[in-house]
Amino acid sequence: MKKRRWWYIAGSALLVVCAITVWRLTGHAEKIEYRFDKVDRGDVSVTISATGTLSAVTTVQVGSQVSGTISKLYADFNSVVKKGQLLAQLDPTFLQASVNEARANLDRAKAQVDDAQRTMTRTSALFAKELVSQSDMDVATTALQTAKASFKQNQAALDRAEVNLHYATITAPISGMVISRNVDVGQTVAASLSAPTLFTIANDMRKMQVQASVDEADIGNVTIGQDVTFRVDAYPDREFHGSVSQVRLAPVVTQNVVTYSVIIDVNNPDMKLMPGMTATVSIEVASREGVLRVPLLAVRFTPPDVPKEAFPRPPREAMQGGAGTDSARTADRPRGERRMWGRGGRRDSSASADPQPEADRRSQMMRRLINKARVWVLADGVPRPVMVTRGLQNTRYVEVLDSDLKEGDEIIIGASGGPQQALGSAAQNNPFQPRGMGGVQGRRGGL
């Protein structure tokens, strides 16, 4: 008796659950509410986003070719300098001593040349009178040549010592502004294998450049002369402008990601931009002004509870790559061209080649199908699809090239409520949802 009572209670609960489910699925659910937007005219632009670093157009690192101790500094950060202006002075004590030593060696070599010259003169006079042998004459000649060579060697050593002494005075190679100073007074500079950097000078801060890293998938759309807008964190509410001046061919590989450097020229008349700032760059690769456009949400929207019959399909001849069947195409051709086609509209292999290959026609038709899209309008309370031909597309708008829509028409961009609200929202907003075989039909109808 107790078992029958428990079975009766369980069965009643199951019937109640089934009844509620059937009641919800038979139309007694929340009413669907659609969100609308209007077709309007405006600008549609396609941009490429990248990041880069600001720098001066010409930046020179000033170093030291000799070792020594910094005795004086004549420039600091942000100092405006002219070409040839004194920047720093190394302690010249040891370098001056080297010059003095080289000059003394040169004087000794000169004295040796004079002595060899006198010996050569006496030996020549005696040799003319046949008072000395030929070997004595050769010894005097060799001694004079050796003394002259030693004189030249010491002269070169003196020149080298004087050049090193001259290098102890650091001057500006270009006119500009000092943006970096890496030494202080009393610091020892060791120029052994490479010249240490003492200063960094930017030539003209009113003209700067952005070196942006563009991904290899987007570099094909970047050309010289394109307009560029960018922002920096220091001025988040201000937009700066520039233009592409160079696309460098050298690839940069970072963790198997290939990027290319794009140089963007920027005017900086108010000196707001500083070297080293990180710029968020947008390169405009295509733009249309005053075109008919629809929101991107309208193209991606699919209403819930719409049967498959409501989705328009492309005409059969479009799927076959041409207008009509082969027989129809043959009938439309001039009589001279019909001979190229065999019985049943098939092409005769012995005839001359078609000026427009079939593969090209199919490729054109596929491009047209890919550019097709579907938007939805509300007619008598029921969503009705409208086919459009897409042009440029960005993250907000889609250009409409061909459609029955007019400016001011209302189109559906979203929906809420209904028995399949969750399913409809997921289909609209989830970019990772697999489309399966239905994706082909969706692309034919406009994604």
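Cut-off values and rules
Residues numbered from 1 in each chain as written. Predicted model: local features only at pLDDT ≥ 70, side-chain atom pairs only at ≥ 80, totals over all residues. Heavy atoms only, no water. Helix = DSSP H or I, 4+ residues; strand = E, 2+ residues; numbered from the N terminus. Buried < 20%, exposed > 50% of the residue type's maximum accessible area, 1.4 Å probe, protein only. Contact = heavy atoms within 4.5 Å. Areas by Shrake-Rupley, 256 points an atom, 1.4 Å probe, with all protein chains shown as cover. Core = buried A, V, L, I, M, F, W, Y, C linked by side-chain atoms within 4.5 Å.

Novice: Could you give an account of the overall build of the protein chain, naming the residues involved and the relevant values?
Specialist: Along its length, the protein chain carries 10 helices and 19 strands. Evaluated residue by residue, the protein chain yields a buried proportion of 30% over its 447 residues. Taking the contacts inside the protein chain whose residues are at least 6 apart along the sequence as the reference set, 74% of them involve residues at least 24 apart. Carbon and sulfur atoms form 53% of the exposed surface of the protein chain, whose accessible area is close to 28,500 Å².

Novice: So, the nonpolar core: which residues are in play, and what are the values?
Specialist: Across soluble globular proteins, nonpolar side chains show a tendency to be buried alongside one another. Counting 22 residues, the largest nonpolar core has F230 and V281 as the members making the most contacts within it. Mapped by element, the contributors of at least two residues to this core are strand 2 (40-56), strand 11 (207-215), strand 12 (227-232), strand 13 (235-254), strand 14 (257-267) and strand 15 (278-295). Residue contributions to this core peak at four residues, all from strand 11. The contacts of F230, once residues within four sequence positions are left out, are V210, R238, E239, F240, H241, V266, L273, A279, T280 and V281. Among the nonpolar cores identified, the runner-up in size contains 19 residues, and A75, V178, L198 and F199 belong to it.

Novice: Before we move on, can you summarise the side chain of N268 with the specific residues and values?
Specialist: Structurally, N268 can be placed in the loop between strand 14 and strand 15. Given the relative accessible area of 1%, N268 is considered buried. The residues touching N268, leaving out its near neighbours within four places in the chain, are M205, R206, M208 and L273.

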